[in-house]
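This is what each chain is made of:
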Amino acid sequence: YRPNRAGRMLARAKNPIRIGVIVQSVETMFMHMVFEEVMRTQAQLTTPGAEIYVRPIQGVDADRQLAAIDELIALGINGLALSPAADERVRARVRELSPKIPVVTFNTDLPESGRLCYVGPDNYAFGRASAGLMDLLLAGQGEVLLVAGQENNWSHQQRVDGFQAEAAANFPGLSLLPPQTCGDDQQLAHDIVCRAVQEHPSLRGVYVSVNGQLGACDALRELGLQGKVHLICHDLIPANAENVRRGLIDFLIDQDAALQGARPIELLMDYLLAGEKPETDRILACIDIRNRYNV
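The model shown is predicted, which means the values in this text are computed figures rather than measured ones.

A. Molecular detail of the packing of aromatic side chains. All chains considered together, the criterion is met by 1 aromatic pair. Taking 4.9 Å as the distance between ring centres and 15° as the angle between the ring planes, the aromatic pair formed by Phe163 and Tyr207 counts as stacked. Highlighted residues: Phe163 in helix α6 (residues 154-170) and Tyr207 in strand β9 (residues 203-208), separated in sequence by 44 residues. You'll find Phe163 and Tyr207 in the same group, each marked buried.

B. Region of interest: the side chain of Ser98. The topology assignment puts Ser98 in the loop between α4 (88-97) and β4 (103-106). Once residues within four sequence positions are removed from consideration, Ser98 is found in contact with Val103, Ser113, Gly114 and Arg115.

C. Region of the structure containing the environment of Pro16. When you line up the elements, Pro16 lands in the loop between α1 (5-11) and β1 (17-23). The contact partners of Pro16, leaving out residues within four places of it in the chain, are Pro48, Gly49, Ala50, Glu51 and Asn78.

D. Layout of the sheet that holds strand β2 (residues 50-56). Spatial ordering of the open sheet is given by β2-β1-β3-β4-β5-β12, a layout of 6 strands whose pairing is parallel. On the outer flanks of this sheet lie β2 and β12 (282-284), each paired with one strand and no other. On average, each strand axis in the sheet is inclined to that of its neighbour by 15°, with strand direction left out of account. The pairing of β4 with strand β5 (residues 117-120) spans 3 bridges and is parallel. When the bridges of β5 are listed, Phe106 appears paired with Val119. Contacts from helix α3 (residues 62-74) reach β1, β2 and β3 (79-82), with the element oriented near 170° to β1.

E. Highlighting the pairing of β4. The two faces of β4 match: Val103 and Thr105 on one face and Val104 and Phe106 on the other face are all buried. Bridging between β3 and β4 involves 3 bridges; their strand directions are parallel. Residue pairing in the sheet places Ala81 in a bridge with Val104 of β4. Following the backbone out of β3, through α4 and into the adjacent parallel β4, one traces a crossover that is right-handed.

F. Structural view of the pattern of salt bridges. All chains considered together, the criterion is met by 18 salt bridges. The salt bridge partner of Glu71 is Arg55, with a shortest N-O separation of 3.0 Å. In this pair, Glu71 sits in helix α3 while Arg55 sits in strand β2, placing the two residues 16 residues apart along the sequence. Judged by relative accessible area, Glu71 falls into the partly exposed class, the value being 38%. Glu96 serves as the salt-bridge partner of Arg93, at 3.4 Å between the closest nitrogen and oxygen. On the criterion of helical spacing, the pair formed by Arg93 and Glu96 is a turn pair, its members being 3 residues apart in helix α4. Classification of Arg93 as buried rests on a relative accessible area of 17%. Among the charged side chains, a salt-bridge network with shared partners connects Asp63, Asp87 and Arg89.

G. A look at the environment of Val34. Relative to the helices and strands, Val34 resides in helix α2 (residues 29-45). Since its relative accessible area comes to 0%, Val34 is described here as buried. Residues contacting Val34, with those up to four places away along its chain left out, are Phe106, Ala257, Gln260 and Gly261.

Rules used in this analysis
Throughout this description, residue numbers start from 1 for each chain and increase along the sequence as written. Whole-chain, interface and lining totals are the exception, using all residues; otherwise, since this is a predicted model, local features are given only for residues with pLDDT of at least 70 and side-chain atom pairs are given and counted only at 80 or more. With hydrogens and water excluded, all non-hydrogen atoms of the structure serve as input to the side-chain values. Stacked, edge-to-face and tilted are the three classes for Phe, Tyr and Trp ring pairs, Trp counted by its six-membered ring, which pair at centre distances within 6.5 Å; planes under 30 degrees apart are stacked, over 60 edge-to-face, the rest tilted. A run of H or I in DSSP becomes a helix once it reaches four residues, and a run of E becomes a strand once it reaches two; helices and strands are each numbered from the N terminus. The classification of residues rests on relative accessible area computed with a 1.4 Å probe and restricted to protein chains. Under 20% of the type maximum is buried, over 50% is exposed, and intermediate values are partly exposed. Residues are treated as being in contact if the distance between any of their heavy atoms lies within 4.5 Å. Two strands are counted as paired when DSSP detects at least two bridges linking them. Working convention: axes come from line fits to C-alpha atoms, limited for helices to the stretch in contact. Angles between N-to-C directions cover 0 to 180 degrees. With the strands aimed away from the viewer, a crossover counts as right-handed if its path from the first strand over the helix to the second runs clockwise. A side-chain nitrogen of Lys or Arg and a carboxyl oxygen of Asp or Glu constitute a salt bridge if their distance falls within 4 Å.

Right, here's the structure in full:
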């Protein structure tokens, strides 16, 4: 006989489990969806025996993350779910906490931090898949612009690295322009695409690895390049799906907001209630490829 999660939580009413959740970049479209899923999970799992504290953060800001961690520790949390900045201070803090407080990272990982588990995409594989799709779109030949994101977000860099490595290894006909960083800013992504088209009139493909999809679509629409310059982006959000239907985005690669918002909390709850460790230290989102036929 194994008591279920609800029964275990009821038994902890006098000494409730406390879980903290820190969600970075909540102003971006996809991470806001993750945040909404976190809030739904909080509502479902909060009982007299379990309390969940959620701290949303604008941008990728290590100082804010560290302050949020300290605030949650002061509230007496027993576990922490974190979408971390790629910052050595954050890594050191997680490494310090890990022997006493289990930490699950999500959306972007924090290697060599002692975290219990990571939940989210294999961003390097996402980048490789995007390179393969771009090669198909361009029939193996053409200039491609890579639009990168936050410099202190490891997942953003992994996507670009995966795209570049796959192109170099298998698609010699793709000529990659130096990556341009938009920092999750739509207007900056728009300007980067416009400038690239002006400087490289033969540009045939754009890979937006981060938030900046709407800006890139606006640029291609304004320049009359819809269907002429192929665009690959991430995240199945309503605005992106609509741009797929309009023919502005050729492929979307989704990373499962529901998994990222719910699973870290559930893993921590089961670990703290019953000592159940995750079966693996990486729970990965599927590479979910969408086009105009399945958005």
